[in-house]
Amino acid sequence: MTKLFTAYRVLALVVGVLLVVGTLGSLCKYLLTDGSALQQLGDDLTPIWLVHGWIYMVYVVVAFLLSQKLRWSIPQLGLVLIAGLIPGLIFWVEHRVVARVREDHPELARA
């Protein structure tokens, strides 16, 4: 289960970073003047959403498997899954999940 917990942590951080970068890219693309360098950068970052989507699907599977092993409640699993869709929230949720798992399952503390 240590590998599953480590995979969750890595995927949460990757999904979070991709979500923040994609959001910033979209803001640049749609809110700035057409033709500007930052608007072009935002346009160039559009494929980030495709990468985020694929990695998010893996994150959902890993989070579900972890929730089954650790017997999370449905609201807790829901928060973990929704966190991958709201910029910045996933970092807070991942921190809370790690703290709770380490408290409830000290054998995972080395992960």
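Just so we're clear, the structure is a prediction, and the values are computed from it rather than from any experiment.

For the rest of this paragraph, the subject is the packing of helix α4 (residues 74–83) against helix α5 (residues 89–104). The contact between α4 and α5 brings their axes to 8 Å, and the two run at 140°. For the element pair α4 and α5, the recorded crossing hand is left-handed. In this structure, α4 uses Q76, L79, V80 and A83 to contact α5, whose residues at the interface are L89, I90, W92, V93, V97 and R100. Looking at the contact of α4 with α5 residue by residue, the classes come out as eight nonpolar, one polar and one charged.

To continue, consider the pattern of salt bridges. Close approach of charged atoms allows side chains with opposite charge to pair. Under the counting rule described, the total for this entry stands at three salt bridges. The partner of K29 in a salt bridge is D43, with the nearest N and O atoms 3.4 Å apart. Within this pair, whereas K29 is found in helix α1 (residues 2–31), its partner D43 is found in helix α2 (residues 37–44), the two being separated by 14 residues in sequence. In this structure K29 comes out as buried when scored by relative accessible area, which is 17%. Between D104 and R100 there is a salt bridge, and its shortest N-O distance comes to 3.8 Å. Residue D104 and its partner R100 are both found in helix α5; the two are separated by four residues, about one turn of the helix.

Rules of the game
Residues numbered from 1 in each chain as written. Predicted model: local features only at pLDDT ≥ 70, side-chain atom pairs only at ≥ 80, totals over all residues. Heavy atoms only, no water. Axes fitted to C-alpha atoms, helices over the stretch in contact; angles between N-to-C directions. Helix = DSSP H or I, 4+ residues; strand = E, 2+ residues; numbered from the N terminus. Left-handed = near helix turned anticlockwise from the far one by under 90°. Contact = heavy atoms within 4.5 Å. Nonpolar A, V, L, I, M, F, W, Y, C, P; charged D, E, K, R; others polar. Salt bridge = Lys/Arg side-chain N within 4 Å of Asp/Glu carboxyl O. Buried < 20%, exposed > 50% of the residue type's maximum accessible area, 1.4 Å probe, protein only.

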